[in-house]
Amino acid sequence: MSKVIVVTSGKGGVGKTTSTASLGAALAQGGRRVCVVDFDVGLRNLDLVMGAERRVVFDFINVAQGDAKLAQALIRDKRIDTLHLLAASQTRDKDALTTEGVERVIGELRDTFDYVLCDSPAGIERGALLAMRHADQAIVVANPEVSSVRDSDRIIGLLDSKTLRAERGEQMEKHLLLTRFDPARSNSGEMLSIEDVLEILSIPLLGVIPESREILRASNIGAPVTINAAGGPARLAYLEAARRLGGETTAPVAIPDEKKTFFTRLFSRRAA
Amino acid sequence: MNLFGFLKARGSAPVARERLQILLAHERVALGPRDLVAILRDELLATIARHIEFDPEKLSVKMERSDSVSTLEIDVEIPCDKFGARPQASAA
């Protein structure tokens with residue numbers, strides 16, 4: 001059974017692309033067939049974060065417009081056999097993706113993969129709406145910061161009204177992935193707490209990713225943090241989120257601790 | 001929200017939380033109906049335009065909500081010479 005998951009946020013720069021790559025790689029490492037799809041036409045970056053920027057020949061728009069076959073455009077990861085990338089077009093304008101084209105490509109991806117992770121562009125325009133339209137499930141990426149939380153709330157509203165699921169009167173499953181979390185600053189009251197964000201957005205928690213140097217290093221070298229054996233707390237947090245996403249765990253989300261020992265304090269509260 | 005919690009906290013996070021709670025409570029109400037009105041307006045325009053030629057600017061759709069009743073007000077201004085005149089039946 002194939003699952004289409006949109007990774008979205010409203011606000012830019014909160015970690016959609018990093019999270020798409022990290023979760024996609026982690027799921028694929030577990031043997032699942034995964035495709036990560038970049039919907040950010042004109043500003044593609046998932047290829048770069050995945051370390052496949054020099055291997056893009058055909059892109060999503062080529063496939064959507066029938067100029068290339070899906071198999072020609074899919075880029076297989078060199079490290080994980082079951083991980084694939086469908087890059088966005090860097091040159092075409094953002095209106096080149098049509099609703100019909102996207103529908104057909106998503107349909108084909110469903111036939112081939114266990115998980116299709118759609119990396120949404122920022123904003124609430126056409127591209128973001130197309131990315132969420134066919135999703136069965138949504139990951140809302142947010143930072144513990146006012147503008148990000150406000151935009152997430154707006155995105156949740158759109159997930160509940162502008163998706164195929166919503167239009168059919170079905171529930172859209174939504175999970176929160178809180179990124180760039182700094183436990184020390186949160187504990188001292190300088191940063192919104194996880195409880196604050198959960199209370200405001202009232203969607204269940206998928207994971208909490210601590211602010212970490214590993215993330216920048218991972219994008220520098222083009223290897224998702226989850227496949228870097230030398231990774232630290234951020235890697236562990238993404239691996240755990242991927243296990244939860246894949247239904248391998250229902251344990252409470254581990255909360256990064258400000259002390260050296262990470263994951264010592266378990267967080268038992270889950271909203272809604 | 002409670003007084004003691006607020007006093008105990010030292011940082012600016014509680015302020016952020018309160019501001020967000022107030023703002024989003026407002027935005028959720030404001031954005032919900034506005035989207036509905038926009039949808040209704042589009043569909044009404046399409047329906048009326050199928051039968052009568054008129055200026056889309058002259059259609060106003062308003063929704064007012066109070067505790068006990070909600071009203072939907074639709075106001076369409078049609079020039080008298082156009083009334084009853086049908087464009088082509090095929091116009092969709």
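Just so we're clear, the structure is a prediction, and the values are computed from it rather than from any experiment. (Residues numbered from 1 in each chain as written. Chains lettered and ligands numbered in written order. Predicted model: local features only at pLDDT ≥ 70, side-chain atom pairs only at ≥ 80, totals over all residues. Heavy atoms only, no water.)

S.K.: Hey, could you go over the overall build of chain A for me, with residue numbers and the actual values?
M.R.: Within chain A, the secondary structure is distributed over 12 helices and 8 strands. Whereas a compact globule of 272 residues would reach a radius of gyration of roughly 19 Å, chain A reaches 17 Å, a difference of no more than 12%. Across its three principal directions, the C-alpha atoms of chain A cover 55 × 40 × 30 Å. Within chain A, buried positions represent 57% of all 272 residues. If you take every contact in chain A between residues at least 6 apart in sequence, the share linking residues at least 24 apart comes to 74%. Carbon together with sulfur atoms contributes 48% to the accessible area of chain A, which is approximately 11400 Å² in total. Averaging the positions of the 36 positive and the 36 negative side-chain charges in chain A gives two centres separated by 3 Å. (Helix = DSSP H or I, 4+ residues; strand = E, 2+ residues; numbered from the N terminus. Rg over C-alpha atoms; globule rule 2.2 N^0.38 Å. Buried < 20%, exposed > 50% of the residue type's maximum accessible area, 1.4 Å probe, protein only. Contact = heavy atoms within 4.5 Å. Areas by Shrake-Rupley, 256 points an atom, 1.4 Å probe, with all protein chains shown as cover. Lys, Arg positive; Asp, Glu negative; His and termini not counted. Charge placed at Lys NZ, Arg CZ, Asp CG, Glu CD.)

S.K.: Lay out the interface of chain B and chain A with the relevant residues and their values.
M.R.: At the interface, 14 residues of chain B touch 14 residues of chain A. Together, the buried faces of chain B and chain A total about 1300 Å²; carbon and sulfur atoms form 55% of this surface. Counting across the chain B and chain A interface gives 3 salt bridges. Across the pair Glu27(B) and Arg150(A) runs a salt bridge whose closest N-O atoms are separated by 2.4 Å. At the junction of chain B and chain A, the tally comes to 7 residue pairs in polar contact (both at pLDDT 80 or more). Looking at the side of chain B that touches chain A, its residues break down into 7 nonpolar, 3 polar and 4 charged. (Buried area = accessible area lost by both parts, 1.4 Å probe. Salt bridge = Lys/Arg side-chain N within 4 Å of Asp/Glu carboxyl O. Polar contact = N/O pair within 3.5 Å; in protein donor to acceptor, adjacent residues only side chain to side chain. Nonpolar A, V, L, I, M, F, W, Y, C, P; charged D, E, K, R; others polar.)

S.K.: Describe the environment of Glu167(A), naming the residues involved and giving the relevant values.
M.R.: Its location among the elements puts Glu167(A) in helix α8 (residues 164-167). Glu167(A) sits 34 residues away from Arg133(A) along the chain, and the two C-alpha atoms are 9.8 Å apart.

S.K.: For the sheet that holds strand β4 (residues 83-86) of chain A, give the residues involved together with the corresponding values.
M.R.: All names here are of chain A. Pairing is mixed in the open sheet, where 8 strands are placed in the order β3-β4-β2-β5-β1-β6-β7-β8. Each edge of the open sheet is held by one strand with a lone partner, namely β3 (75-76) and β8 (205-210). Two strands pair when backbone bridges link them, and strand β2 (residues 34-38) and β4 are joined in this way by 4 bridges, in the parallel orientation. Bridged to Val34 within β4 is Leu83. Running over the sheet, helix α1 (residues 16-29) touches β1 (3-8), β2, β4, β5 (115-119), β6 (137-142), β7 (173-181) and β8 and is turned about 170° from β5. Sitting on the sheet, helix α7 (residues 146-159) touches β1, β6 and β7, and the angle it makes with β6 is about 165°. (Pairing = 2+ DSSP bridges. Axes fitted to C-alpha atoms, helices over the stretch in contact; angles between N-to-C directions.)

S.K.: Which residues make up helix α11 (residues 213-221) of chain A, and what values go with them?
M.R.: All names here are of chain A. Inspection of α11 places Glu214, Ile215 and Ala218 among the buried residues, and these make up the whole buried set. An end-on view of α11 places all buried positions within 100° of arc, on one side of the element. Turned more than 90 degrees from where α11 packs its buried face, Arg213, Leu216 and Asn220 sit exposed. Residues of α11 that are buried make contact with α1 and α12 (233-245). (Arc of directions from axis to C-beta.)

S.K.: A description of the pattern of salt bridges should follow, citing residues and the corresponding values.
M.R.: Residues and elements named next belong to chain A. Summed over the entire model, instances satisfying the criterion amount to 20 salt bridges over all chains. Of the charged contacts in the structure, one is a salt bridge between Glu108 and Arg104, with a shortest N-O distance of 3.1 Å. With Glu108 and Arg104 both in helix α5 (residues 99-112), this residue pair falls 4 residues apart, about one helical turn. By relative accessible area, which is 37% here, Arg104 ends up partly exposed. As a salt-bridge pair, Arg185 and Glu190 come within 3.0 Å of each other at their nearest N and O atoms.

S.K.: Can you tell me about unusual backbone geometry, naming the residues and giving the values?
M.R.: Residue and element names in this part refer to chain A. Phi at Arg180 is positive, roughly 55°, even though this residue is not glycine. With respect to the helices and strands, the residue Arg180 is situated in strand β7. Among the residues examined, Arg180 registers a relative accessible area of 42% and is labelled partly exposed.

Distances and angles like these do not, on their own, reveal function.
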